[in-house]
Amino acid sequence: MKKDYKILALKILAPFVAIILAAFISSLIILAIDKDPLQVFYTMFKFSFKRIDSIAMILFNATPLIFSALAVSIGFKMGLFNIGIEGQYLIGTFMAALVGFSIKGLPAVIHLPLVILAGIVGGMIWSFIPIFLKVKRGVHEVISTIMLNYVAYSLIHFLIADVFRDRQQSLVEGLGSVLVRTPKLAASAVIPKMHGFLAFFGVQLPKHVYLNWFFPISVVLAAGIYYLIMRTPFGYELRAVGHNPEASCIAGINQGRIYFKGFLLSGAVAGLVGLSDLLGYFRYMDMDFPRGYGFDGIAVALIAQNNPFGIIASAILFGFLKRGSEGIQALLKVPMDTIVILQSLMIIFIVVITKIINDYVKRLEKREVA
Amino acid sequence: MGKAVELKNITKRFPGIVANDRINLEIQKGEIHAIVGENGAGKSTLMKVLAGLYQPDEGEIFIFGKKEKISSPNKAIELKIGMVHQHFMLVDRFTVLENIILGAEKKKGFTIDEKTCRETLKKLLELYNFKLDLDARLEDISVGHAQRVEIMKVLYRGADILVLDEPTAVLAPQEVDELFINLRRLKEEGKTIIFISHKLDEVLSIADNITVLRRGKAVGTVPADSVTKEELARMMVGKPVLMKLNKTPAEKGEVKLSLRDVMMKGHGGRNVLNGVTLKVCGGEIYGIVGVEGNGQKELAEAIIGLQQDYDGDIKVCGKPTKGLSIKQIRDMGVAFIPEDRHRQGLVLPMKVWENSILGLHRKEEFKKKTSIDIKKAEEFTSRNVKGFSIIISSIHQAIEGLSGGNQQKVILSRELSQEPIVILAAQPTRGLDIGAMEFVHQQLLEKRREGKAVVLISADLEEVLSISDRVGVIFDGEIVAEFTPEETTLEDIGVYMLGAHKKAGESA
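As the structure is a prediction and not an experimental result, all values here were calculated from the model. (Residues numbered from 1 in each chain as written. Chains lettered and ligands numbered in written order. Predicted model: local features only at pLDDT ≥ 70, side-chain atom pairs only at ≥ 80, totals over all residues. Heavy atoms only, no water.)

> Help me understand the overall build of chain A, please; the structure alone is not making it clear to me.
Across its full length, chain A carries 15 helices and zero strands. The globule rule puts the C-alpha radius of gyration for 370 residues at 21 Å, and the 22 Å found for chain A is close to it. For chain A, the spread of C-alpha atoms along the principal axes amounts to about 80 × 55 × 40 Å. Split into buried and exposed, the 370 residues of chain A put 51% on the buried side. If you take every contact in chain A between residues at least 6 apart in sequence, the share linking residues at least 24 apart comes to 74%. Of the roughly 17,200 Å² that chain A leaves accessible, carbon and sulfur atoms contribute 68%. Looking at charge distribution, chain A has the averaged site of its 33 positive side-chain charges lying 5 Å from that of its 20 negative ones. (Helix = DSSP H or I, 4+ residues; strand = E, 2+ residues; numbered from the N terminus. Rg over C-alpha atoms; globule rule 2.2 N^0.38 Å. Buried < 20%, exposed > 50% of the residue type's maximum accessible area, 1.4 Å probe, protein only. Contact = heavy atoms within 4.5 Å. Areas by Shrake-Rupley, 256 points an atom, 1.4 Å probe, with all protein chains shown as cover. Lys, Arg positive; Asp, Glu negative; His and termini not counted. Charge placed at Lys NZ, Arg CZ, Asp CG, Glu CD.)

Printed below as a string of structure tokens:
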């Protein structure tokens, strides 16, 4: 129907309008610090897209955000706000690191899946606690997941600095200092880069690019989650519970069970967030392992309106902004924080615009019937 | 004495329903005027028109003899109309004084002139003989006192016409007495009070005149001292003009649903179900009537399994259902048409086709490997849409855009599609227009002809008497009487509904 296309078009249009409005206001801020906004945006694009290795870096940047936003979106679909992706992925990453450095001598085909599985299990353990408290005791998941983030920070600190700290680091003669980190992961636990595969298509990536197979995995996972939520009976129940728990209950859907399964799934996906960095870049977990993916994921999911394919796009957008902000800082001496402002503005606009469009669509549908 | 309020031909329509249908109403200055009617009769809509919250589609309003247009709640206050809502709109952490003056503070420079406010309030309290501690925090005072705060709020703003929306619903009996003392005092001081209720005893004891609404129409206005409770009840529920439905004689089958001594405790430990015993056979419609809030809701929830915390037995086809999940009970062949379709029957933001398989989504017929067979679900929905003449623009539209009648048809088509054995319909025609209502009745009769056991819980006596084979009257969580429609009069049922006495229920 014509109207259906109109609604779809509006929904796709919403993020673009938000981006343009955000860019406009950011321009004012850039003007205020005596820089030329056009030049800033031009530099961002040029720096990001001129070279193929830069594009690969953007995809590398986007990978953890895709996992993180997918995990958030599963929660949103059933009406729960899993703000604890942060803690879940840190625990997941640590579990993966643990299996990665403590088991030796396994072939990669067994060791790598085992390490990934450990990450998933870690994320699930950390998401089990809040959902158990919610279903059995009515504890609000926002409170418990936020608190568990802090517990995770401290726990990881303790585990890395005290329990599993690598005390036999060999340093290059007199250079550098000892890192507070776990032992190095076995080579069999490392995720292969995509260089070889891409070279097959004539794309040559330099060595300093760390784009690995977690990126395609995240894309496949997004498709899988779309199928799960929009097509399977479980996904149907998840959405029904998210919109109206009482009606779902009367229809015979066990709300508690849906919450359990859905939240554990969210935690499992969260467990994958840190693995691209761990298994594809650092190969150890240290005190400074990247943080904040969990919160960025909320923003990415918001912009994508919880649509898995939209999440891929908006994660890539965030990856681009990160890359671009490095460019403008290096080349134009424009602080990276400008881009943080841009990101924040985008989020605010998307929330407002989505609300306006949804109200409009509702009125459109009502008018049709009346 | 002049007229305080005069409404002429007030009509208010909502999609699919006329909430107020050409209502004429005259309220004299200085009287307590009660407006009674079942839920959904249009009382609240009418009062919201008066309070400026809704604009009538047609009709005129005269306040103190002058034609007015009440365009907003502020305008209503200007016209000295004050609304005391059923749900209090007060700030818990504020004191009584702060709550009363909130939004109408007297100022001295930049600060609130608390002293002047306090003096004004003290005078008001004295004048109307209200007992209130102005410095108590709202969270520390009783519901009855909180209601006094609400009344003081409108008096403080200078209201001469007070509208009280079901003021006694939240009060304990002695608090009701105190409220009535206050209201009489207000009347002595010349205030006009409009009192909305469906509790007939209260209305008779407090009101001077009573207007009865039914299905959006004003049935009539009577002086309180020349009418009996039974007469009022009859006005409220309508004349038993049995709609001529092609109703064949019942062909009773065996017992499909039986309840024995079902007891359930509600909030605060009071029994909401007090030993309900009934049997419903295949091929009959068992109507349950009663004044709202006498256990109908709890009864339905116990049968479908939403409430499991009861004593006694509920059996479907001879098998006890206690301890089973809602899904298991539904799989035994119990269909449920819930009372509140928005909260309990539908998932409003989801599509029509998604709503029409809610609860059936795990059935074999909608399964395609690991996913839902969307094509089959759409075909199923399209069949229902055709069979039940549901008016929609697309089965892909969100169901919240449908009118109430069409939404109810979606629920009916879904619940009746699975060859149920027991059909539990709670207020299935509430808020529907005549056409949709008749359709629902036809469907229920059709299922009866097919030999299903139908339980119809309704506040509409006319409906129950015209389509039921047997009628049970529920009062205070108990079936106090059982009749066949032929052997009863409306007076009888009215008396039982009000809990006057009991008649031993005959067993089926």
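> What exactly am I supposed to notice about a nonpolar patch on the surface here?
Nonpolar side chains collect at one region of the surface, where A:Val109, A:Ile110, A:Leu114, A:Leu117, A:Val121 and A:Ile125 lie side by side and expose about 510 Å² of accessible area between them. Classification of A:Ile110 as partly exposed rests on a relative accessible area of 45%. (Patch = residues over 30% accessible without salt bridge, like charges linked within 9 Å, V, L, I, M, F, W, Y side chains within 5 Å. Salt bridge = Lys/Arg side-chain N within 4 Å of Asp/Glu carboxyl O.)

> Would you mind going over the interface of chain A and chain B with me for this structure?
Where interface size is given, it is often the accessible area lost as the parts come together that is meant. Between chain A and chain B, the residue contacts involve 26 residues of the former and 30 residues of the latter. Summed over the shared surface of chain A and chain B, the result is three salt bridges. Salt-bridge contacts for A:Glu237 lead to B:Arg362; the nearest nitrogen and oxygen are separated by 2.9 Å. Taken together, chain A and chain B are joined by 15 residue pairs in polar contact (both at pLDDT 80 or more). (Polar contact = N/O pair within 3.5 Å; in protein donor to acceptor, adjacent residues only side chain to side chain.)

> Got a minute to help me understand helix 8 (residues 214–231) of chain A in this structure?
Given 3.6 residues to a turn, an α-helix orients residues that are three or four positions apart in the same direction. Residue and element names in this part refer to chain A. In this model helix 8 runs 25 Å from its N-terminal to its C-terminal C-alpha over 18 residues, within 8% of the 26 Å that 1.5 Å per residue would give. Listing the buried residues of helix 8 in full gives Phe 214, Phe 215, Pro 216, Ser 218, Ala 222, Ile 225 and Ile 229. Buried-residue contacts for helix 8 involve helix 3 (52–77), helix 5 (108–137), helix 9 (233–243), helix 11 (255–270), helix 12 (275–282) and helix 14 (308–332). (Expected span 1.5 Å × (residues − 1).)

> Could you clarify how one ought to interpret the sheet that holds strand 9 (residues 161–165) of chain B in this entry?
The pairing of strands in a sheet happens through backbone hydrogen bonds and is either parallel or antiparallel. Residues and elements named next belong to chain B. What the six strands build is an open sheet, ordered 6-9-10-3-11-12; its pairing is mixed. The open sheet is flanked by strand 6 (81–84) and strand 12 (217–223), the only strands paired with a single partner. Averaged over all pairs of adjacent strands, the angle between their axes in this sheet comes to 20°, without regard to strand direction. Here strand 3 (residues 32–36) pairs with strand 11 (residues 209–214) via four bridges, running parallel. Bridging from a neighbouring strand, His 33 pairs with Asn 209 of strand 11. In the packing of helix 1 (residues 43–50) onto the sheet, contacts are made with strand 3, strand 6, strand 9, strand 10 (192–197) and strand 11, and the angle to strand 10 comes to roughly 150°. Across the sheet, helix 8 (residues 229–237) lies against strand 3, strand 11 and strand 12, angled at about 30° from strand 11, the strand it touches most. (Pairing = 2+ DSSP bridges. Axes fitted to C-alpha atoms, helices over the stretch in contact; angles between N-to-C directions.)

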